[in-house]
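# Observations on chain architecture
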Amino acid sequence: MLFSSPIFIFLFLPIVIFLIGVGRKSWHNVILLFASIFFYAWGALSQTPIFLFSIVSNYCFGLLINNADGKKAKLYLSIGVTVNLLLLGYFKYFNFLMENINTLFSATGAKPIEYSKVALPIGISFFTFHAMSYLIDVYRKKVTVQKNLLDLALYISFFPQLIAGPIVRYIDVATQFQKRTLSLEKATVGIQRFIFGFAKKVIVANAMAYLADKIFDAPIGEISAGTAWLGIIAYTFQIYFDFSGYSDMAIGLAKIFGFDFPENFNYPYIAQSIKEFWRRWHISLSTWFRDFLYIPLGGSKGSNAKTIRNLLIVFFCTGFWHGASWNFIVWGMFHGTFLLIERIGFDRVLSKVWKPIRIGYTLLIVMIGWVFFRANDLTAAIDYLGKMSFTASKENVQMFLIEYLDTKTIFLLSIATLYSFGIFRWVIEIIKKIFNTNKNAYQFIFYSTKFIISISLFFITVLYMAGSTYNPFIYFRF
Amino acid sequence: MKVYLKILNIVMLVSFLGILVLPTANENLHFIKENENSENRTKLKKPAFKDTLEKFIKEYDDYYTDNFSLRDNFIKILNKLQFLLFNVSSVPDIVTVGKDGWFYEASCALNYKGANHFTKEEVEKFRNELIKRTKWAAKRGIKYYLVLVPNKMEMYPEHLPRQIIQTSDVFRYDQIASLNNDSTINIIDVRKNLLKHKNDGRELYQHTDDHWNELGAYYGYQEIMNRLSKDFPELKPIPLDMLDVGIVQRYGNMATMLNVEKEYPEQYVKLTEKYKMFGHDGIKKGYKTLPQIGEPEYEIVKENDNGKKLKCLIIRDSFTMLMIRFFQEQFAKLVIIHDQWMYRMREDVIIKEKPDIILNIVLETRAKSIIDIPFTLDADQPLEENVGIKAANGKYCCAEPNRHMVIADKEKINSWETFTLVRYKNNECAFLSCHNFFFSSNISGNGEITAFSEIASDWERFKLIELGNRFVAFKASNGKYLSLDEKTKTLFATADKIGANEKFKITVVK
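What you see is a predicted model, and the numbers here were worked out from it, not measured in a lab.

As a further point, take the overall build of chain A. Each helix and strand in chain A was counted, giving 18 helices and 0 strands. Here the C-alpha radius of gyration of chain A, 24 Å, is about what a compact globule of 478 residues would show, namely 23 Å. Every one of the 478 residues in chain A was classed for burial, and the buried ones make up 55%. Look at the contacts in chain A between residues 6 or more apart in sequence, and 74% of them connect residues 24 or more apart. Mean positive and mean negative side-chain charge positions of chain A (43 and 24 charges, respectively) differ by 10 Å.

Shown next, in the form of structure tokens:
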């Protein structure tokens, strides 16, 4: 079930809010757990046993780790992490592995291995990472083991973060399972955050996706260099508004139910280096890799060679986590390479140049990286980059930039730009300063306007959600 | 201020929840009137739990997405809002918003831009396909014509949005029309006549619909009749002065789709006959309706008893509809089939109808179907023959009209014992009964052959095996041989080998 689907908005969400509203506080966790499992099963019923197995096995490993000490605890941790990695490895990477083995076999003239494709369980990348963070933190004694199976199950399965993150660490929410505040103020803050994320996803990201898909799916020879740039700009906005929109919705929903989730995005496109970009983009993933992979590997404490190795391992894993394809690995390594370049001295050069140039450099690298992320395969990515370089042949070009720039697209691109570069935030801060006086009249105007904008935005987004289901047929009954 | 903020928060919560529950509440309480569906399609039906729970969930999700209460109201508001604010289409892959209130079918843009020319090989395929169709028809005394209808974008490019950039002035239309130089091919190019009259003071295509109006259809018809009159001098177009030209207001399909029909009503050019009309609805054969085409639209039959002699079969798309009223005054019988934009040479219909003229009327954008689904018959294949089929019991086979079975119990060949033998490639054949049904091995029950199929698909084709001494056997598409059951005298398609009961003798009936 997607947050931006009618069944979630008009049936699932109001029912869960109603049950939480009328249910006793002591029932809340149980209600949320059943709602979460229902949410998961609705989208992937046949994969639910795998999901439940993951919950139960991690609960057991948590207890085993907690009850053992020394080497035994480490052994249980290793088994627990291995089970999670095996689950992830088999369901997410088995097909990729077999495809590559068969490519090798066919190159050597050997007969390819026949295999049945494995279906990817929804959210497996997220729930296995949730579970591993829990086991490792229990082992490190950073958190108390969760003895209540229902509470641990709720941590792993809580529907706001189940299928698209953020990767909420157990340590960040451990105490909230027993003690959290449900208040009108918190709920309305959550509602506004949810509305905002919902609009980012449904209004902006979907429109950008339509544009990016049109351009990326066109034969490469037929698009002009300008069109290719528009395609990658649209994709740059699509992935940001889509992903951060989901995170906003997750954070907002969690707040409605009394939970506080950490932030996942912080204006990544105003980063002034690739290093800074990763402090602003998918923060929960980069901190996960930092704490559970980079630092255990030795981080930057060893020799330069070791640091380089550690960084490349982390970025290989980051790329591979995003999807079982060479494109994602290349994307990860591409970022890792630029991080290294900055580390060996380019950051000093960057620090001396004008801020917009630093932002421009980062954005350019990020956008080139997105080409690898979005293109169907590596060859397509290279071709697309060739087109962006203005050096490709113009002979068969039939799709020009101007054809895509209607008033709505221009409007949404402007909105996306103003938001992504923090200009909206800057304006809001100024307005806040003006209105944040003790004068009640000013506060009255500020909060009333905010309320009207939020509800109007929600209604408009609902219209867009309904509009996305519009599927008229031109010929029938003429 | 604190109190005010609290009130504001409560209002916020209530408003949010109000929008969340609005569709469900309205579904039960009906306090807001639901808008009509403007999607031109049947919405998904509530699924029944039949198979697996997973499948049911998927179907229910799809059903809910298609049917939640107020969905059409929301869509209508959004479409209108987007159009009025941004002047853009809410369905950009279907409707292109042009200038001055003109809307175009978006899928025609590639052709207009010149971005999807036919390759040389495809043009050659067209040539061969049209020659094949023409020759096959000619052998049966039928004249075959391909009629091309131009896209609205080509006819009225002056109202297109600036975003659509033409990179070539050669259209697919020109590529196909150029084949007319081949004397064996008959292509009727109605575009010339339309362009000739484009600036006569009335528009020929609708602003808010992808089709032409009645005047455009008339000029299309006029060109067709002028061309037909060269081969059939008795055919002459009805003169325009026999028609009154007027304007009525209606709603175009594209404006309806964008939900701006009231803002952009169509000033529709309408023709009214000043002459007495003789054409009237005829009796339909009941050809099998194709999935997307409703029964009333699939087969249209018109008859004219006012001294007309010629019979015409039209394989059409939507552009033919406005021309039917003119055609029906010209032909003794007019059969019109909508072949779901495949424009196939429907040999089953042709054999049954035996027309003098076949018009394949095709919108340029969809013309590629002609080469995508080529005609399967050979131009030089033998003509259909009327035959009698004698089974192993010495009796002739008869199509049993009530039970639709084939029974071998008749001593003589009369009409019910006469079948049209249609020969295909690789010794395949089909039998068409006198009541216009094909033998079919798409058997059920005990495996009897039925005579109840309207089309000659694989199930209706049999491999004809010569056994010498004028005896033959027939292998059905299920791999079994046609066999006589001695007790019931019924034909089955159940035999694994050719024995005495699988032998038949064919007699040509003059």
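Having put the structure on the table, let's press on.
Residues and elements named next belong to chain B. The buried count for strand β10 (residues 333-338) comes to 6 of 6 residues, which makes it a mostly enclosed element. Neither face of β10 is open: one carries Lys333, Val335 and Ile337, the other Leu334, Ile336 and His338, and all of them are buried. Note that strand β8 (residues 299-303) and β10 share 5 bridges and pair antiparallel. Counterpart to glutamate 303 in the pairing with β10 is lysine 333. Pairing between strand β9 (residues 311-316) and β10: 6 bridges, direction parallel. Along β10, the bridge assignment pairs cysteine 312 with leucine 334.

Our focus in this paragraph is helix α1 (residues 6-22) of chain A. Residue and element names in this part refer to chain A. Look at α1: 23 Å from first C-alpha to last across 17 residues, which is about the 24 Å you get at 1.5 Å a residue. If you look at α1, its biggest bend is around 30°, right at phenylalanine 12, and the proline proline 14 turns up within four residues after that. If you check which residues of α1 are buried, you get Pro6, Ile7, Phe8, Ile9, Phe10, Phe12, Leu13, Pro14, Val16, Ile17 and Ile20.

Attention shifts here to the sheet that holds β9 of chain B. All names here are of chain B. Strands sit in the order β4-β3-β11-β9-β10-β8-β7 across an open sheet of 7 strands; the sheet is mixed. A single partner strand is all that each edge strand has here, and the edge strands are β4 (187-189) and β7 (280-281). In the packing of helix α5 (residues 120-139) onto the sheet, the strands contacted are β3 (143-149), β4 and β11 (357-363), and the crossing angle to β3 comes to about 140°.

Here we come to the interface of chain B and chain A. The parts lose accessible area when they come together, and the size of an interface is often stated as this lost area. Every contact between the two is made by 71 residues of chain B and, on the other side, 59 residues of chain A. Buried area between chain B and chain A, summed over both chains or domains, comes out near 6,200 Å², and the portion from carbon and sulfur atoms is 71%. Remark: the boundary between chain B and chain A carries 2 salt bridges. For aspartate 93 of chain B, the salt bridge goes to lysine 214 of chain A, with nearest N and O atoms at 2.9 Å. Contributions of two or more residues to the side of chain B that touches chain A are made by α1 (2-29), α2 (53-67), α3 (71-86) and α10 (253-257) of chain B. Per element, the largest residue contribution to the side of chain B that touches chain A is 17 residues, and it comes from α1 of chain B.

Let us now look at the packing of aromatic side chains. Across all of its chains, the model carries 99 aromatic pairs over all chains by this definition. A ring pair is formed by phenylalanine 241 of chain A and tyrosine 419 of chain A, whose centres lie 5.5 Å apart and whose planes are at 55°; its orientation type is tilted. With phenylalanine 241 of chain A in helix α9 (residues 225-256) and tyrosine 419 of chain A in helix α16 (residues 407-420), the pair connects residues that are 178 residues apart, well separated along the chain. When its relative accessible area of 11% is taken as the criterion, tyrosine 419 of chain A is described as buried. It is lysine 200 of chain A that lies over the ring of tyrosine 240 of chain A; its NZ or CZ is 5.6 Å from the centre. Here the guanidinium or amino end of arginine 461 of chain B rests over the ring plane of tyrosine 424 of chain B, the centre of that ring lying 3.7 Å away.

In this section: the pattern of salt bridges. Taken as a whole and assessed by the stated rule, the structure comprises 47 salt bridges over all chains. Across the pair aspartate 260 of chain A and lysine 186 of chain A runs a salt bridge, and its minimum N-O distance is 3.1 Å. Residue aspartate 260 of chain A is located in the loop between α9 and α10 (274-280), and its partner lysine 186 of chain A is located in helix α8 (residues 184-217); the two are separated by 74 residues in the primary sequence. For aspartate 260 of chain A, a relative accessible area of 33% puts it in the partly exposed group. Between lysine 410 of chain B and aspartate 409 of chain B there is a salt bridge, with the nearest N and O atoms lying 3.1 Å from each other. Under the relative-accessibility criterion, aspartate 409 of chain B is labelled partly exposed at 32%. Here the salt bridges share partners, and the residues they tie into one network are Arg193, Lys200, Asp248 and Glu263 of chain A.

On to empty space enclosed by the protein. Residue and element names in this part refer to chain B. Following the criterion strictly, the structure yields 3 cavities of 30 Å³ or more and no others. Within this model, the largest cavity holds a volume of roughly 60 Å³. Contributing to the lining of the largest cavity are Tyr104, Glu105, Cys108, Asn151, Lys152, Met153, Asp210, Phe319 and Leu363. At the level of secondary structure, the elements contributing two or more residues to the lining of the largest cavity comprise β2 (103-105) and α6 (152-155). Looking at the lining of the largest cavity, its residues break down into 5 nonpolar, 1 polar and 3 charged.

Residues and elements named next belong to chain B. Counting buried positions along β3 yields 6 of 7 residues, so the element is predominantly enclosed. Of the strand pairs in this sheet, β3 and β11 are connected by 7 bridges, and their pairing is parallel. Its bridge partner lying in β11, lysine 143 is registered against isoleucine 357. Where β3 meets β4, 3 bridges bridge the pair, whose relative direction is parallel.

Relative to the assigned elements, threonine 188 of chain A resides in helix α8. Looking at threonine 188 of chain A, its side chain comes within polar contact range of the main-chain oxygen of glutamate 185 of chain A, at 2.9 Å. If near-sequence neighbours (up to four positions away) are discounted, threonine 188 of chain A is found in contact with Asn9, Met12 and Leu13 of chain B.

It is worth spelling out the side chain of histidine 335 of chain A at this point. Residues and elements named next belong to chain A. Topologically, histidine 335 is positioned in helix α13 (residues 326-352). Exposure remark for histidine 335: the relative accessible area of 0% places this residue in the buried category. Filtering out sequence-adjacent residues up to four positions away, histidine 335 remains in contact with Ile274, Phe277, Trp278, Phe315 and Val366.

Another aspect to go through is the domain arrangement of chain A. All names here are of chain A. Considered domain by domain, chain A is made up of domain 1 (6-180) and domain 2 (186-466). Just the C-alpha atoms count here: the centres of domain 1 and domain 2 sit 26 Å apart. Each partner contributes to the interface: domain 1 provides 37 residues, whereas domain 2 provides 36 residues. Roughly 3,100 Å² of surface becomes buried between domain 1 and domain 2 when both sides are summed, with 78% attributable to carbon and sulfur atoms. The largest contributions to the domain 1 side of the interface with domain 2 come from Phe96, Phe129 and Pro166, which together make up 18% of the buried area. Connecting domain 1 to domain 2 are 1 salt bridge. Aspartate 291 is the partner of arginine 169 in a salt bridge, and the nearest nitrogen-oxygen pair spans 2.9 Å. Of all elements in the fold, only α1, α4 (71-108), α5 (124-139) and α7 (170-173) reach the threshold of two or more residues within the side of domain 1 that touches domain 2.

Calculation notes
Residues numbered from 1 in each chain as written. Chains lettered and ligands numbered in written order. Predicted model: local features only at pLDDT ≥ 70, side-chain atom pairs only at ≥ 80, totals over all residues. Heavy atoms only, no water. Helix = DSSP H or I, 4+ residues; strand = E, 2+ residues; numbered from the N terminus. Rg over C-alpha atoms; globule rule 2.2 N^0.38 Å. Buried < 20%, exposed > 50% of the residue type's maximum accessible area, 1.4 Å probe, protein only. Contact = heavy atoms within 4.5 Å. Lys, Arg positive; Asp, Glu negative; His and termini not counted. Charge placed at Lys NZ, Arg CZ, Asp CG, Glu CD. Pairing = 2+ DSSP bridges. Expected span 1.5 Å × (residues − 1). Bend = angle between axes of the 7 residues up to and from the residue. Axes fitted to C-alpha atoms, helices over the stretch in contact; angles between N-to-C directions. Buried area = accessible area lost by both parts, 1.4 Å probe. Salt bridge = Lys/Arg side-chain N within 4 Å of Asp/Glu carboxyl O. Phe/Tyr/Trp six-rings, centres within 6.5 Å; stacked < 30°, edge-to-face > 60°. Lys NZ or Arg CZ within 6 Å of the ring centre and 35° of its normal. 1 Å grid on protein atoms, 1.4 Å probe; cavity = no way out; pocket = protein on both sides within 12 Å on 5 of 7 lines; lining within 4 Å. Points joined across faces, edges and corners; volume = space filled by probe spheres on them. Nonpolar A, V, L, I, M, F, W, Y, C, P; charged D, E, K, R; others polar. Polar contact = N/O pair within 3.5 Å; in protein donor to acceptor, adjacent residues only side chain to side chain. Domains from an automatic or database assignment.

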